[in-house]
Amino acid sequence: MTIHWCGTGLSAIPGLRRLLEEARDITVWNRSVDKARDAVGDLTDRIKPFDIAALDSALTEGDVVVSMLPGDWHVPLAELCLAKGAHFVSSSYIAPEMRALDGAAREKGLTFVNEVGLDPGIDHLMAHRLVSDYRASDAYDPSNEVSFISYCGGVPKHPNPFRYKFSWSPLGVLKALRSPSRSIREFEELRVDRPWNAISTYTAPLPTPEDFEVYPNRDSLPFMEEYNFGPDWPVRQFVRGTLRLNGWTDAWSDIFREIETLEGDAGEARLKEMSDQFWRDNAYDEGEPDRVVLCVDLKADKDGKTVWHKTYVMDAWGDEGSTAMARLVSITVSMAVNSVLKGELPAGVIAAPSDPKLVERWMQEIDSQAQHLQIVDHLHG
């Protein structure tokens, strides 16, 4: 079985190198062969220019295609895998078009695993672990009021006046600021049209507790079922969101105001202009460390008293080998590839695994990629 790893961008390299060092049977596909050679040419000479027709010719039954390409490639590559009897792996959120392939993939016994990067990915693993722990605890009661938060953010290890730095084009970050979100606050659905209308403060339980600005993103609600919440649980809060350095709101206030006014083609052109300027002014310097903070928290209250409360917290930063973001995204992808090859994941379109043994094994590996990883038990120390 051959692994066809497509894309050698900034977030792909540590995981790809890990698989190559394990002597896996791998063909690397990238739009720029020279860039791929610079990244992994010391480990392999099986590097080809990415072309879906050429990949079609090379792909055989039982192979695994990894898409670290832009998101619009995921579904075409998964459809190719369906036609050729191959498995598929990506770190991205499951789009409706990907979800639609679930039945056909299951019928063929193919695993199309997505959401196995950092966020989404490691956050899912943490959530599965906490929910599993809670359900197995003496405090568990379906009538308990439950609160869940999951905040993740990539921030500069050494804060700058802009309170943020970019590893790649800022355009995606700017466009995300125009996206609405759904979450639950005080037992009711909360819809927010823009992130800056729902910014709050969160204290991360790091060895030295640290305050961050946070806001909900995307649609959190479907993840209650994904995380095995009981359909009858009273849910006081459920939010998956983004974490930023304190002062980010003030530093970006003019940007928020301008984004609100942008419309049509002229607005898109202005976004691109802003993106180019931010890339010039606030990109990471060569060798400058990034930082990733991820906190997943589950709390249960009964009769106004907290009866169970744990936080899975991670803090990681870049080193000489790679950025923290690249390590955490791509190493997790490489673990998914290995689990697919071992037949450890079910057929169909799936996200990060919930099986306790797999979660534990994956998190042990992730522990070696982060500088701090801990489950904080707020009630029992």
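Structure first, text after, so check above.
Let us look at the structure shown here. (Residues numbered from 1 in each chain as written. Predicted model: local features only at pLDDT ≥ 70, side-chain atom pairs only at ≥ 80, totals over all residues. Heavy atoms only, no water.)

### Thoughts on the sheet that holds strand β5 (residues 87-90)
Adjacent strands of a sheet form backbone hydrogen bonds with each other and so pair up, either parallel or antiparallel. What counts, and what does not: We treat two strands as partners when DSSP finds at least two bridges between them. In DSSP terms, a helix is any run of H or I states spanning at least four residues, a strand is any run of E spanning at least two, and both are numbered starting from the N terminus. Under this scheme, a helix contributes an axis fitted over its contacting stretch, all axes are lines through C-alpha atoms, and angles between N-to-C directions fall in the 0 to 180 degree range. Working rule for contacts: check all heavy atoms of both residues, and any pair within 4.5 Å makes them a contact.
With parallel pairing, seven strands are arranged side by side in an open sheet as β3-β2-β1-β4-β5-β6-β15. In this open sheet, the two edge strands, each paired with only one partner strand, are β3 (47-49) and β15 (348-350). Strand after strand, the sheet turns through a mean of 20° between neighbouring axes, direction not considered. Sitting on the sheet, helix α2 (residues 33-40) is in contact with β2 (26-30) and β3, with an inclination near 160° to β3. Those strands touched by helix α4 (residues 74-84) are β4 (64-67), β5 and β6 (111-113), and its axis lies near 160° from that of β5.

### A word on the packing of aromatic side chains
Rule in force here: Aromatic contacts are taken between Phe, Tyr and Trp rings whose centres are within 6.5 Å, Trp giving its six-membered ring; a plane angle under 30 degrees counts as stacked, one over 60 as edge-to-face, and the others as tilted. By definition, being over a ring means that NZ of Lys or CZ of Arg is both within 6 Å of the ring centre and within 35 degrees of the ring normal.
Counted by the stated rule, this structure contains 28 aromatic pairs. Between Phe148 and Phe229, the ring centres sit 6.0 Å apart and the planes meet at 90°, which makes this aromatic pair edge-to-face. Of this pair, Phe148 sits in strand β7 (residues 145-156) while Phe229 sits in the loop between α9 (223-226) and β12 (235-245); the two residues are 81 residues apart in sequence, bridging distant segments of the chain. Ring geometry for Phe229 and Trp233: centres 5.0 Å apart, planes at 45°, overall tilted. Through successive ring pairs, a cluster of aromatic residues spans Tyr93, Tyr134, Tyr140, Phe148, Phe223, Tyr227, Phe229, Trp233, Phe238 and Trp308. Directly above the ring of Phe223 sits Arg240, whose terminal nitrogen or CZ lies 4.2 Å from the centroid.

### Focus: the side chain of Asn282
How we decide: Exposure categories follow from relative accessible area, calculated using a 1.4 Å probe and restricted to protein chains: below 20% of the type maximum is buried, above 50% is exposed, and the middle band is partly exposed.
Examined against the element boundaries, Asn282 turns out to sit in helix α12 (residues 264-282). Relative accessible area serves as the criterion here: at 11%, Asn282 is assigned to the buried category. The residues contacting Asn282, other than those within four sequence positions of it, are Asn160, Phe162, Tyr164, Lys165 and Phe166.

### A look at the packing of helix α1 (residues 13-21) against helix α13 (residues 324-341)
The test is simple: What sets the label is the angle itself: under 35 degrees gives roughly parallel, over 145 gives roughly antiparallel, 65 to 115 gives roughly perpendicular, and the rest give oblique. Each crossing gets its hand from how the near helix is turned against the far one by less than a right angle, where anticlockwise is left-handed and clockwise is right-handed. Asp, Glu, Lys and Arg are counted as charged, while Ala, Val, Leu, Ile, Met, Phe, Trp, Tyr, Cys and Pro are counted as nonpolar; the rest, among them Gly, fall into the polar class.
Taken N-terminus to C-terminus, the directions of α1 and α13 make an angle of 40°; their axes are 6 Å apart at the nearest point. Taken together, the axes of α1 and α13 are oblique relative to one another. When you trace α1 past α13, the crossing you get is right-handed. For the pair α1 and α13, contact is made by Ile13, Pro14, Gly15, Arg18 and Leu19 and by Ala326, Arg327, Ser330, Ile331, Ser334, Met335, Val337 and Asn338, respectively. Its residues assigned to classes, the contact of α1 with α13 comprises seven nonpolar, four polar and two charged.

### Concerning unusual backbone geometry
Residue Pro120 is reached from Asp119 by a cis peptide bond, and omega for that bond is 15°. Along the polypeptide, Pro120 turns up in the loop between β6 and α7 (122-136). Positioned with a positive phi, Phe187 is a non-glycine residue whose angle comes to about 70°. Considering the arrangement of structural elements, one finds Phe187 in the loop between β8 (181-185) and β9 (188-192). Its relative accessible area of 38% is what places Phe187 among the partly exposed residues. Look at Asp303: it is not a glycine, yet its phi comes out positive at around 55°. Exposure remark for Asp303: the relative accessible area of 78% places this residue in the exposed category.

### Focus on the pairing of strand β14 (residues 305-317)
Taken together, the twelve bridges between strand β13 (residues 290-302) and β14 define a ladder with antiparallel strand orientation. Opposite Lys302, over in β14, you have Lys305 as the bridge partner. What sits between the antiparallel neighbours β13 and β14 is a turn of two residues, in which Asp303 has the positive phi angle 55°. Of the pairings in the sheet, the one linking β14 to strand β16 (residues 372-377) comprises six bridges and is antiparallel in character. By the bridge assignment for β16, Tyr312 is matched with Ile375.

### Topic: a nonpolar patch on the surface
What counts here: Each patch is assembled from residues with relative accessible area greater than 30% and no salt bridge, linking like charges that lie within 9 Å and nonpolar side chains (Val, Leu, Ile, Met, Phe, Trp, Tyr) that lie within 5 Å. Every accessible area reported is derived by Shrake-Rupley at a probe size of 1.4 Å, with residue values counting cover from the shown protein chains alone. By salt bridge we mean one thing: a side-chain nitrogen of Lys or Arg within 4 Å of a carboxyl oxygen of Asp or Glu.
Together, Leu10, Trp168 and Trp279 make up a nonpolar patch on the protein surface, roughly 340 Å² of accessible area in all. In this structure, Trp168 sits in the loop between β7 and α8 (171-176).

### Notes on the side chain of Asn114
Residue position: Asn114 is located in the loop between β6 and α7. Judged by relative accessible area, Asn114 falls into the buried class, the value being 1%. Discounting residues that sit within four places of it in the chain, Asn114 has contacts with Phe88, Ser90, Ser92, Ile94, Met98, Val349, Ile350, Ala351 and Ala352.

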